[in-house]
Amino acid sequence: MTTARARPIGGPIFTPFSKFLVLLLALGAPVLAARFVLGLGATTAMSDGYPWGIWIAVDVVVGTGLASGGYALALLVFVLNRGRYHPLVRPALLTSLLGYSAAGLAVVFDLGRYWNLWKVPLMPWNWNGNSILLEVALCMMAYTAVIALELSPAYLERLAERGRPGAAARAARWGPRIERALPFVIGLGMVLPTMHQSSLGSLLLVAGLKVHPLWYTGLLPLLFLLTALSMGYAIVYVETIFAGVGFRRPVEVKLLGSLGRVVSGTLLAFLVVRLGALAASGRLGLTLTSGRLSFFFWAETLLLLAGAILFLRPAARHDAGVQLQAALLALAGSALYRVDAFLVAFDPGPSWRYFPSLGEMAVTVGLVATETLLYLVAVRRLPILAGAGQLPPRTTPAGAVAGAAGEGARP
């Protein structure tokens, strides 16, 4: 099957939007400086009762879920042999690389003794074989390297076309070697995220009674794996549609439309497993009697159900606006589930309270801005996005994002 060749978008790096992203990044920089000089206690709202905050719950737990697009698409393309989705793989891998790198940085920010982090991969004789966190750390480190290898052909293609003669020769020499190694790399890329995404749920198994019964179940590893898949597929929609609108490119509406049943099936599988676990344990009544936690439970459930139904609508096969709405619902429900499990439904005792400090929120916004800025630089300079070039400038004012996306999809 032939696919359109990926090409750099080109264009200026320092646009008004990219300058705005740099400003957001700069707002978090003083907080990070204070954190590394004064410590966590002076800059965050974390405590002995809440040893993790949004830097873990949002930047790592939600962030790696959003970064699962490469994993989810690789499962379709390379395992289930759905080659027609191949044009979506490189953008998904780029999003995954940026997301996992940002999650790794967030872990460094969050660790009290961050200077000892290098010992994790390099001192195996000190490993605690019973530690779930160790498995998560090792898998995340290894998977970040795997994604970089999977994406390296894009960098080598750029060197071969635009690099100096010596760099082009090295690219020509290493390109075929990496291509031959990719089947083994991709296989490793299937195993590692399956391990650490499910292990994020296993972390809450260790917390035991500190997690509310509406979220605590022995099926937490499976539920976290399903949310990783649903978030991974949904972020492909968001990235593809926004890239089409932002760079005035045709949107792969038909290709995304054929993916809708897969995403819907993943969302419905999550709901069936979760509600089935509650029913089997006799906890369904808690969905109505748990006060504010009942509200959060139903918010997650209805968001995911609405996304699943919307993906199954006939309009979702050919309307980018409907696709974007469904993807955002899936992302919101899955992200809320993960935040709720790690923060809202986590109760270390009556004397402990947590709400993120302004500094923690500024750092999180800065990390998101950094990821977005690096994505823009990458797609402008590297062959990431496949398909035709930019569409002609519009002669009428652009409408909403969904409407613009639908317009860009028309021939």
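Rules behind the numbers
Residues numbered from 1 in each chain as written. Predicted model: local features only at pLDDT ≥ 70, side-chain atom pairs only at ≥ 80, totals over all residues. Heavy atoms only, no water. Patch = residues over 30% accessible without salt bridge, like charges linked within 9 Å, V, L, I, M, F, W, Y side chains within 5 Å. Areas by Shrake-Rupley, 256 points an atom, 1.4 Å probe, with all protein chains shown as cover. Salt bridge = Lys/Arg side-chain N within 4 Å of Asp/Glu carboxyl O. Helix = DSSP H or I, 4+ residues; strand = E, 2+ residues; numbered from the N terminus. Buried < 20%, exposed > 50% of the residue type's maximum accessible area, 1.4 Å probe, protein only. Contact = heavy atoms within 4.5 Å. Axes fitted to C-alpha atoms, helices over the stretch in contact; angles between N-to-C directions. Parallel < 35°, antiparallel > 145°, perpendicular 65-115°, else oblique. Nonpolar A, V, L, I, M, F, W, Y, C, P; charged D, E, K, R; others polar.

**Some remarks on a nonpolar patch on the surface**
A cluster of nonpolar side chains, contributed by Leu-268, Leu-288, Trp-298, Leu-302, Leu-305, Ile-309 and Leu-312, occupies part of the molecular surface with about 640 Å² of accessible area. Looking at the nonpolar patch, the element that brings in the most residues is helix α12 (residues 292-312), giving five residues. Structurally, the position occupied by Leu-312 is in helix α12.

**Quick notes on the pattern of salt bridges**
Going through the model one piece at a time under the given rule, you end up with two salt bridges. With a closest N to O distance of 2.7 Å, Arg-90 and Glu-157 form a salt bridge. With a gap of 67 residues between them, Arg-90 in helix α5 (residues 89-110) and Glu-157 in helix α7 (residues 132-162) connect regions that are remote in the sequence. You can call Glu-157 partly exposed: its relative accessible area is 28%. A salt bridge links Glu-300 to Arg-274; the shortest N-O distance between them is 2.5 Å. On the criterion of sequence distance, the pair formed by Glu-300 in helix α12 and Arg-274 in helix α10 (residues 253-280) is long-range, its members being 26 residues apart. Like Arg-274, Glu-300 is buried.

**Digging into the environment of Leu-220**
Its place among the elements puts Leu-220 in helix α9 (residues 220-246). A relative accessible area of 0% means that Leu-220 is categorised as buried. On a C-alpha basis, the gap between Leu-220 and Leu-203 in space is 9.0 Å, while along the polypeptide they are 17 residues apart. Sequence-distant contacts of Leu-220, that is, excluding residues within four places in its chain, are made with Gly-201, Leu-204, Leu-205, Trp-215 and Tyr-337.

**Quick look at the packing of helix α3 (residues 54-66) against α9**
The axes of two packed helices give the description: the angle between them and the distance between them. At a minimum axis separation of 7 Å, α3 and α9 run at an interaxial angle of 55°. Here α3 lies oblique to α9, going by the angle between them. Along the contact surface, α3 presents Val-61, Val-62, Gly-65 and Leu-66, while α9 presents Phe-224, Ala-228, Met-231, Gly-232 and Ile-235. Along the lines of polarity and charge, the residues of the contact of α3 with α9 split into seven nonpolar, two polar and no charged.

These figures come from the coordinates and say nothing about function on their own.
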